[in-house]
Amino acid sequence: GECISIGVQRGQVINITRTTQAISQAIKQACVSSGVVIDTVVAGIAGQHVNCIHSKEEIKRKNPGKEIDNEDIRNLVDDVFSLSVPPGTQIIDAIPQEYYVDDNKDLIDPKGVIGTQFGSYFNVITGNEQHIRNIARCVKQCDLEMEDLILEPIASSCVTLDDKELESGVVLVDIGGGTTDVAVYYNGFLRHTAVIPIAGDVITEDIKQVFKGIVKDDAESIKVKHGSCIPDPSKKNVVIIIPGIHGRPEIEISQNELAKVIEARMQEIIARVMVEIEASGYRDKLGCGIVLTGGGSLLNGIKTFTEFQTGMNVRLGYPEEKVIFNEESKQKYNNPIYATALGLMVKAFENDEDEPVM
């Protein structure tokens, strides 16, 4: 089910009523198309208020002679949720990296190991309590139960990255409408995540502001149909014609000038992505470079543009991992636009299997 939401801006709910209406319409469509009664949902979260902090946590096992199992891992993860965080902040997720048991360090899978002190280094994802509460409130007003809340780049990673990329080192960059989400992986673990509040909607707004007399829908349309990250001087005489508003003269836009507007904003987005990659400390360990996904990754020329700006290998990420499509659904939904939604679905199944979050 799909519905345009104007109640969410840059990943944050700014209008409860409009967001609730959008959720309700999308859910109704999903119920009709699937023939399934939906009463619980898994929600995604993004926004500049989301932060990633690193913490070392450990527990003392009551029965050190017993092999470590999933229950021990859950107890360790649950213990992280009791960490003290600043007022108005809430822990969204606690993601373990390598584990250690007594003197045994750098364990990727601790199950089966025997020992007393059991711990790990965690990526602790936090968010603004009020923004989290607003999401829950919208879901509740639709008579739905929010089963889980998952950081959107983690969801997207779940269906766009394979195990070899996660081990070798890779950055997932999900360029959506409101936010650009970044997740850095190395040796199979999430090392760093960030949410940049600039994405496709800002590019659309730039086009609207630069080329006077067009509305947002027209700006979005020409971005998708004619836009590029790389200006082409040979196309400076190629003109895009937009109907004037209410009988006014047509507006002519040079395709090359359009590309220059998009290029300027994309330079800013990729520069901020590189700041986050540097902040992760894994810049020189990313053997598989960058994977671009989200609707923004469909911009013409973005792969070449990003490779030039970063000096890193780049590919486009389609939601093909852990998802099996039939021919009809593959044609529509095997698309970077749906990476986050399909990732949330897969994460919901994985969490239902009661496996620890990796």
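Residues numbered from 1 in each chain as written. Predicted model: local features only at pLDDT ≥ 70, side-chain atom pairs only at ≥ 80, totals over all residues. Heavy atoms only, no water.

A few points about the sheet that holds strand β9 (residues 170–175)
With respect to topology, five strands assemble into an open sheet ordered β11-β10-β9-β14-β15, the strand pairing being mixed. The open sheet is flanked by β11 (189–196) and β15 (314–316), the only strands paired with a single partner. Across the sheet, the axes of successive neighbouring strands diverge by a mean angle of 20 degrees, strand direction being ignored. With six bridges joining them, β9 and strand β10 (residues 180–186) adopt antiparallel strand pairing. Looking at the pairing, Leu-172 lines up with Ala-183 of β10. (Pairing = 2+ DSSP bridges. Helix = DSSP H or I, 4+ residues; strand = E, 2+ residues; numbered from the N terminus. Axes fitted to C-alpha atoms, helices over the stretch in contact; angles between N-to-C directions.)

Observations regarding the nonpolar core
Soluble globular proteins tend to bury their nonpolar side chains together. Ile-207, Ile-214, Ile-253 and Met-266 are the most contacted members of the largest nonpolar core, which totals 38 residues. When residues in this core are grouped by element, the largest group, nine residues, is from helix α8 (residues 255–280). Filtering out sequence-adjacent residues up to four positions away, Ile-253 remains in contact with Phe-211, Ile-214, Ile-222, Val-238, Val-239, Ile-240, Ile-242 and Leu-258. Within the second largest apolar cluster, 25 residues are counted, among which are Ile-125, Ile-154, Val-170 and Tyr-185. (Core = buried A, V, L, I, M, F, W, Y, C linked by side-chain atoms within 4.5 Å. Buried < 20%, exposed > 50% of the residue type's maximum accessible area, 1.4 Å probe, protein only. Contact = heavy atoms within 4.5 Å.)

Regarding the pattern of salt bridges
A complete count under the given rule lists 15 salt bridges for this structure. In this structure, Glu-98 engages Arg-191 in a salt bridge whose closest nitrogen and oxygen atoms are separated by 2.6 Å. Placement of Glu-98 in strand β5 (residues 89–101) and of Arg-191 in strand β11 is noted, with a sequence separation of 93 residues between them. The two residues Glu-98 and Arg-191 agree in class, both being buried. (Salt bridge = Lys/Arg side-chain N within 4 Å of Asp/Glu carboxyl O.)

Some points on the sheet that holds strand β7 (residues 117–128)
Taken in spatial order, the four strands line up as β4-β7-β5-β6 in an open sheet, and their pairing is antiparallel. Whereas interior strands pair on both sides, the edge strands pair on one side only; in this sheet they are β4 (51–60) and β6 (104–107). Between one strand axis and the next, the sheet turns through 40 degrees on average, direction left out of account. Bridge analysis of β5 against β7 gives ten bridges, and the strand direction is antiparallel. Looking at the pairing, Ile-91 lines up with Thr-126 of β7. Of the strands in this sheet, β4, β5 and β7 are in contact with helix α2 (residues 70–80), which crosses β7 at around 45 degrees.

So, helix α6 (residues 200–210)
Three or more residues of α6 are buried, namely Gly-200, Val-202, Ile-203, Thr-204, Asp-206 and Ile-207. Considering only its buried residues, α6 is in contact with β9, α7 (216–226) and α8.

Remarks on the environment of Ile-253
By the secondary structure assignment, Ile-253 is in strand β13 (residues 251–254). Here Ile-253 falls in the buried class, since its relative accessible area comes to 1%. It is 57 Å that separates the C-alpha atoms of Ile-253 and Asp-106, two residues lying 147 residues apart in sequence.

Quick word on unusual backbone geometry
What you tend to see is this: most non-glycine residues have negative phi, and most peptide bonds are trans. Here Asp-143, not a glycine, exhibits a phi torsion of approximately 60 degrees, which is positive. Relative to the elements of secondary structure, Asp-143 occurs in the loop between α3 (129–141) and β8 (145–151). Given a relative accessible area of 71%, Asp-143 falls into the exposed group. One non-glycine residue, His-246, lies in the positive phi region at around 55 degrees. Along the chain, the position of His-246 falls in the loop between β12 (239–242) and β13.

Side note on the packing of α6 against α7
As a packed pair, α6 and α7 sit with axes 8 Å apart at the nearest point and diverge in direction by 110 degrees. Comparing their axes, α7 and α6 come out roughly perpendicular. For the element pair α6 and α7, the recorded crossing hand is right-handed. Note on element contacts: α7 touches α6 through Lys-216, Ala-219, Glu-220, Ile-222 and Lys-223, opposite Gly-200, Ile-203, Thr-204, Ile-207 and Lys-208. Here the contact of α6 with α7 is built from residues that sort into four nonpolar, two polar and four charged. (Parallel < 35°, antiparallel > 145°, perpendicular 65-115°, else oblique. Left-handed = near helix turned anticlockwise from the far one by under 90°. Nonpolar A, V, L, I, M, F, W, Y, C, P; charged D, E, K, R; others polar.)

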